[in-house]
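# Remarks on the overall topology
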Amino acid sequence: QVQLVESGGGLVQAGGSLRLSCAASGSIFSIDAMGWYRQAPGKQRELVAVITSGGRTNYADSVKDRFTISRDNAKNTVYLQMNSLKPEDTAVYYCNADITSLRLSYMRSQYWGQGTQVTVSS
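Attention in this report is confined to the structure presented alongside it. The structure presented is a predicted model; accordingly, all values stated were derived computationally and were not measured. (Residues numbered from 1 in each chain as written. Predicted model: local features only at pLDDT ≥ 70, side-chain atom pairs only at ≥ 80, totals over all residues. Heavy atoms only, no water.)

## Considerations on the nonpolar core
In a soluble, globular protein the nonpolar side chains are often hidden away together inside. This is how it is decided: Note on terminology: a nonpolar core comprises buried Ala, Val, Leu, Ile, Met, Phe, Trp, Tyr and Cys residues joined through side-chain atoms within 4.5 Å. For the exposure calls, accessible area comes from a 1.4 Å probe over protein chains only, and a residue counts as buried if that area is under 20% of its type's maximum, exposed if over 50%, partly exposed in between. Numbering of helices and strands runs from the N terminus, with a helix taken as a DSSP run of H or I at least four residues long and a strand as a DSSP run of E at least two residues long.
Counting 30 residues, the largest nonpolar core has Trp36, Leu80, Met82 and Tyr93 as the members making the most contacts within it. Secondary-structure elements contributing two or more residues to this core are strand S1 (2-7), strand S3 (18-26), strand S4 (28-39), strand S5 (46-51), strand S7 (67-72), strand S8 (77-82), strand S9 (91-101) and strand S11 (116-121). The element best represented in this core is S9, accounting for five residues.

## Digging into unusual backbone geometry
Of note in this structure, Leu104 is not a glycine but carries a positive phi near 55 degrees. Tracing the chain through its elements places Leu104 in the loop between S9 and strand S10 (108-112). Overall, the relative accessible area of 60% leaves Leu104 in the exposed class. With a phi close to 60 degrees, Tyr106 is a non-glycine residue in the positive phi region. Structurally, Tyr106 is set in the loop between S9 and S10.

Structure below.
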């Protein structure tokens, strides 16, 4: 079994910063891409940032130059540094990872974290 556990969410004032962390654990053979998604009330889940196993990154236009995604492969962990936060960044943030498991005949699948709430007040 594979688990993704997020941490670092909370309440922050506009202009402030937060750093989210997501650690993968369990029967992992390898991890390809890892990313962060978010979902605000009444809206669809959207991609915020993604990072490949080789370190290539991609960001939503709304967060470019404010957010930075990174990963530590030795720790199976992905981070999202969020600076200059705006009220419109308020959402539940979900970690996502493309993982090949040691179980189920090396099955490759997408895994999701439980979500962490980020609230930015004005």
